Amino acid sequence: MTDRRQFLLGGAALALSGCKVLDGATDPDSRLRALFASHEGLTRAAQRALIGDSLAPEFSEADIRQGQRPNGSTDPSGAAYRRMAASGFADYRLTVTGLVEAPQSLSLAALTALPSRTQITRHDCVEGWSSIARWQGVPLGTVLRLARPKLAARYAVFHCFDAIERGLSGEIFYYESIDLIEAFHPQTILAYAMNGMPLPVANGAPLRLRVERQLGYKMAKYVHGIELVDSLAALGRGRGSYWADRGYEWYAGI
Ligand SMILES: Nc1nc2c(c(=O)[nH]1)N[C@H]1C(S)=C(S)[C@@H](COP(=O)(O)O)O[C@H]1N2
Ligand SMILES: [Mo]
């Protein structure tokens, strides 16, 4: 409110003072300067209201009370995944495809060689439980920058190894998506370690997404592919994620 009022007052001052405004701009006490300052404040407030500037809370080691409870898929049964797991994910590749200038195929060694971020955060599952754990991984933004997103890219889609459903029409593999603002958020990481250990299979080995401002189902486990797209219409039933296609929110803000 204050910003808005100052902005309006500043506008009136500008209109009244006519051609003197440029001189006034060098005077530190001038209303014109106040106008510029409050206008900057307004722009920042408007942008933040739109894109969100919040960091999810981070905790201390002492807040980690129990292991991360595995939920959803906990042991993908596909032959390719089982083979990879048996060899310690030595053959694992993360692909980055779609609307990018430089498609990527990254080994775990390549991913862990990139600068990492570690964060102790709380995971909230829509089913009503939470747990605090320490996650280490490479910021998703770092990986996307390697692939150089094209201007048309709007969403990052995550393709996973686990068949979450087996029906008459075949297997449905878990899929999720976030927009590029969330993708470049500093706490959005591709985690390969949890509580100081390599990520266990039950929690999404070898690589799982952490999107700390949203609910657990957004945090795709067993990720093998990231695809940049301009629309979610062609994915699943068109709402952007396995669970969004089944009635949950696509933007699952906490
Ligand atoms: N690939 C994949 N990712 C997934 C799921 C899943 O079944 N498959 N379940 C989701 C849900 S509902 C939750 S709460 C978290 C659970 O993560 P955790 O097993 O590490 O606790 O993973 C999410 N990501
Ligand atoms: Mo969940």
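Further up the page is the structure itself.
The rules behind these values
- Residues numbered from 1 in each chain as written.
- Chains lettered and ligands numbered in written order.
- Predicted model: local features only at pLDDT ≥ 70, side-chain atom pairs only at ≥ 80, totals over all residues.
- Heavy atoms only, no water.
- Helix = DSSP H or I, 4+ residues; strand = E, 2+ residues; numbered from the N terminus.
- Buried < 20%, exposed > 50% of the residue type's maximum accessible area, 1.4 Å probe, protein only.
- Contact = heavy atoms within 4.5 Å.
- Areas by Shrake-Rupley, 256 points an atom, 1.4 Å probe, with all protein chains shown as cover.
- Arc of directions from axis to C-beta.
- Near = heavy atom within 4 Å.
- Polar contact = N/O pair within 3.5 Å; in protein donor to acceptor, adjacent residues only side chain to side chain.
- Nonpolar A, V, L, I, M, F, W, Y, C, P; charged D, E, K, R; others polar.
- Pairing = 2+ DSSP bridges.
- Axes fitted to C-alpha atoms, helices over the stretch in contact; angles between N-to-C directions.

**Some words on the overall build of the protein**
Reasoning step 1: Of regular secondary structure, the protein possesses 7 helices and 10 strands.
Reasoning step 2: Here the protein holds 254 residues, and the buried ones make up 41% of them.
Reasoning step 3: Taking as baseline every contact in the protein between residues at least 6 positions apart, the subset at least 24 positions apart corresponds to 68%.
Reasoning step 4: Approximately 13,500 Å² of the protein is accessible, and the part contributed by carbon and sulfur atoms is 56%.

**Topic: helix H6 (residues 140-147)**
Reasoning step 1: Regarding H6, the residues found buried are Leu 140, Gly 141, Val 143, Leu 144 and Ala 147. In an axial view of H6, the angular spread of the buried residues amounts to 160 degrees, which keeps them on one side of the axis.

**Points about the environment of Leu 111**
Reasoning step 1: Relative to the helices and strands, Leu 111 resides in helix H5 (residues 108-113).
Reasoning step 2: Since its relative accessible area comes to 0%, Leu 111 is described here as buried.
Reasoning step 3: Each C-alpha atom, one on Leu 111 and one on Leu 190, is 9.0 Å from the other, the two residues being 79 residues apart in sequence.
Reasoning step 4: Dropping the residues within four chain positions of it, Leu 111 is found in contact with Tyr 92, Leu 94, Leu 106, Val 138, Val 143, Tyr 192 and Leu 207.

**With respect to the site of ligand 1**
Reasoning step 1: In the vicinity of ligand 1 there are 22 residues, among which Arg 69, Asn 71, Ser 73, Asp 162 and Lys 221 approach most closely.
Reasoning step 2: One of the backbone N or O atoms of Arg 69 is found 2.5 Å from an oxygen atom in ligand 1.
Reasoning step 3: With respect to ligand 1, the backbone of Met 219 contributes an N or O atom lying 3.1 Å from a nitrogen atom.
Reasoning step 4: Relative to its free-state accessible area of 530 Å², ligand 1 is covered by the protein chains to the extent of 98%.
Reasoning step 5: Tallying contributions element by element places strand E5 (residues 155-167) first for the shell around ligand 1, with 3 residues.
Reasoning step 6: For the shell around ligand 1, a count of residues per class yields 11 nonpolar, 7 polar and 4 charged.

**Structural notes on the sheet that holds strand E6 (residues 170-179)**
Reasoning step 1: Within the open sheet, the 5 strands sit side by side as E2-E1-E10-E5-E6. Their pairing is mixed. Lying at the two open borders of the sheet, with one neighbouring strand each, are strand E2 (104-106) and E6. The sheet shows a mean angle of 25 degrees between the axes of neighbouring strands, taken without regard to direction.
Reasoning step 2: Judged from the 4 bridges that link them, strand E1 (residues 94-98) and strand E10 (residues 223-229) form a sheet pairing that is parallel. For Thr 97, the partnering residue across the bridge sits in E10 and is Glu 227.

**Topic: the side chain of Arg 208**
Reasoning step 1: With respect to the element layout, Arg 208 can be found in strand E9 (residues 208-210).
Reasoning step 2: Here Asn 203 takes part through its backbone oxygen, which lies 3.2 Å from a polar atom of the side chain of Arg 208.
Reasoning step 3: Those residues within four positions of Arg 208 in sequence are excluded, and the remaining contacts are His 123, Trp 135, Ile 189, Leu 190, Ala 191, Leu 199, Asn 203, Met 219, Ala 220, Lys 221, Tyr 222 and Val 223.

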